[in-house]
Amino acid sequence: MDERQLSFDELQTELTNVEKEAKRRIQDADTLKSLEDVRINYLGKKGVLTQMMQLLGKMPKDMRPKFGERLNELRGKLEAMLQDRHAFLFQEQEKARLQAETIDVTLPGKMPARGGRHPLSIIVEEIENIFIGMGYTVQEGPDVEWDTYNFERLNIPKHHPAREMQDSFYITEEMLLRTHTSPVQVRTMLQMGGKTPVKIICPGTVYRRDTDDATHSHMFTQIEGLLIAPGIRMSDLKGTLLTFARRLFGEETKIRLRPSFFPFTEPSAEVDVTCSQCGGSGCRVCKWTGWLEVLGAGMVHPNVLRQNGYDPEEVSGFAFGLGVERIAMIKYGIDDIRHFYQGDRRFLKQFVAGDRFL
Ligand code: FA5
């Protein structure tokens, strides 16, 4: 633009055109970035208005004030328009951002995968609680045991044929993986030093060279029970086991004691409960007998009392040992003991705090 060739009116028109064009471009700018480009184009250092300002010096003196005033007016207008548009676009941008970040609190939450307790831990705790309710305390002993506690002090001397009942994993000649939880009886009696009452249960893992099948595992869980006090009789044992069975399997449950043999009890019994699946009428689970064997028990043998610091003339006692997996299988209707040790989550996740939900 050359001001010497333009009249004031023509400059006016030029300014009006600039204003119109700027207005349109400001309105058309749909992002803050494009709006900033428009601002630079008109008001920046090398912008249209700045260039027009530079023409002022070259204009006839009489035109300068008027033209300068018009230019400032236009600058003011453009600044105001830019500001409005900026406010509008900024608001739009915020709205879009908030919309994109909206959290729908009504959507279902993402549940973290939860671990659970192993069914054996659940049932051990349940059994412990039943006996704690009858005044028993819980004792523990080592998995690696001395031969003397596992066998000799339980009236099973070396080379006694009864050792064959529990085929063992020996570590040295004198040390083995315990084959039952009965050595904890021995440890407790020795610790108590002849004092009564002894009233304990002992949960723990035991190990035998048994071939694994649906009902046998080389590693399984037992809970031992022992009560020693003056005047303990077989009827106390029977009453205790009946109370236990009813609390675990239901009030309708009956028990029966069949004569058996354990070197550390005399008399000894295998204890059966009425089948929890059929209630005693006979089914596949109880092999149509109506009964399921759950534990071994008996009156503590006088030799065991004597060998571990008690006088059988003054005190007597009963003991029992139950197989936890077998009990869990009956209670939950599990058909294979190996499920407990395979870590299959489809099996494990069915157990929640003592209940199986199917
Ligand atoms: C004993 O282990 C005796 N200590 C129990 C006892 C204690 C009797 C105190 C008298 C007084 P037995 O070998 O029968 O007994 O084992 C007890 C229970 O462990 C069985 O009734 C059975 O439920 C379970 N059991 C035995 N062998 C296995 C095995 N291989 N796999 C899973 N459970 C087993």
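Residues numbered from 1 in each chain as written. Predicted model: local features only at pLDDT ≥ 70, side-chain atom pairs only at ≥ 80, totals over all residues. Heavy atoms only, no water.

Per an unreviewed UniProt entry, the recorded name for the protein chain is Phenylalanine--tRNA ligase alpha subunit, and the organism is Candidatus Carbonibacillus altaicus. For the protein chain, the Subunit (unreviewed entry) comment in UniProt is given as "Tetramer of two alpha and two beta subunits." UniProt annotates the protein chain under Subcellular location (unreviewed entry) with the comment "Cytoplasm". (UniProt positions renumbered as here; feature names shortened; annotations may be inferred.)

Novice: Would you explain the overall build of the protein chain in this entry?
Specialist: When helices and strands are counted, the protein chain shows 11 helices and 11 strands. Against the globule reference of 21 Å for 358 residues, the protein chain gives a C-alpha radius of gyration of 46 Å, more extended than a compact globule. Considering only C-alpha atoms, the protein chain reaches an extent of 140 × 45 × 35 Å along its principal axes. When each of the 358 residues of the protein chain is scored for burial, the buried share is 41%. (Helix = DSSP H or I, 4+ residues; strand = E, 2+ residues; numbered from the N terminus. Rg over C-alpha atoms; globule rule 2.2 N^0.38 Å. Buried < 20%, exposed > 50% of the residue type's maximum accessible area, 1.4 Å probe, protein only.)

Novice: In this structure, what is going on with the pattern of salt bridges? I would like to understand it.
Specialist: Should their charged atoms come close, side chains of opposite charge can pair. Tallying each qualifying case throughout the model produces 25 salt bridges. For the salt bridge of R39 with E36, the shortest nitrogen-to-oxygen distance reads 3.0 Å. With R39 and E36 both in helix 2 (residues 32-43) and 3 residues apart, this pair spans about one turn of that helix. The class for E36 is partly exposed, based on a relative accessible area of 34%. The partner of K158 in a salt bridge is E174, with the nearest N and O atoms 3.4 Å apart. With K158 in the loop between helix 6 (147-150) and strand 3 (175-177) and E174 in the loop between helix 6 and strand 3, this residue pair connects regions lying 16 residues apart in the sequence. Residue classification places K158 among the partly exposed residues on the basis of a relative accessible area of 34%. One network of salt bridges, in which partners are shared, links D147, E152, K158, R163 and E174. (Salt bridge = Lys/Arg side-chain N within 4 Å of Asp/Glu carboxyl O.)

Novice: Looking at this structure, I do not really get empty space enclosed by the protein. What am I missing?
Specialist: Empty space among the atoms becomes visible once a probe the size of a water molecule is rolled across them. In the structure shown here, the tally under the stated rule is 1 cavity of 30 Å³ or more. Taken as a whole, the largest cavity encloses approximately 40 Å³ of empty space. In terms of lining, the largest cavity is formed by L241, F244, A245, I255, V271, V273, V294 and L295. A total of 3 residues in the lining of the largest cavity trace back to one element, the largest contributor, which is helix 8 (residues 234-249). (1 Å grid on protein atoms, 1.4 Å probe; cavity = no way out; pocket = protein on both sides within 12 Å on 5 of 7 lines; lining within 4 Å. Points joined across faces, edges and corners; volume = space filled by probe spheres on them.)

Novice: Would you mind going over the UniProt feature "binding site: Mg(2+)" (unreviewed entry) in the protein chain with me for this structure?
Specialist: On the UniProt side, "binding site: Mg(2+)" (unreviewed entry) is annotated at positions that read E266 here. When neighbours within four sequence positions are excluded, E266 is seen to be in contact with M299 and H301. (Contact = heavy atoms within 4.5 Å.)

Novice: Before we go on, may I ask you to explain the side chain of Q185 in this structure?
Specialist: Mapped onto the elements of the fold, Q185 is located in helix 7 (residues 183-192). Judged by its relative accessible area of 2%, Q185 is buried. One polar contact links Q185 to E224, side chain to side chain, over a distance of 2.6 Å. Not counting the four nearest positions on each side in its chain, Q185 is found in contact with L154, E224, G225, L226 and A319. (Polar contact = N/O pair within 3.5 Å; in protein donor to acceptor, adjacent residues only side chain to side chain.)

Novice: Help me understand the UniProt feature "domain: Aminoacyl-transfer RNA synthetases class-II family profile" (unreviewed entry) in the protein chain, please; the structure alone is not making it clear to me.
Specialist: UniProt records the feature "domain: Aminoacyl-transfer RNA synthetases class-II family profile" (unreviewed entry) at residues 123-350, using the numbering of this structure. Along residues 123-350 one finds 26% helix and 29% strand; the C-alpha atoms at either end are 14 Å apart.

Novice: Just to check I follow, could you spell out helix 4 (residues 64-100) for this structure?
Specialist: Every α-helix winds through 3.6 residues per turn, so residues three or four apart in the chain are directed the same way. Look at helix 4: 53 Å from first C-alpha to last across 37 residues, which is about the 54 Å you get at 1.5 Å a residue. Those residues of helix 4 lying buried are F67, G68, R70, L71, L74, L78, M81, L82, R85 and L89. (Expected span 1.5 Å × (residues − 1).)

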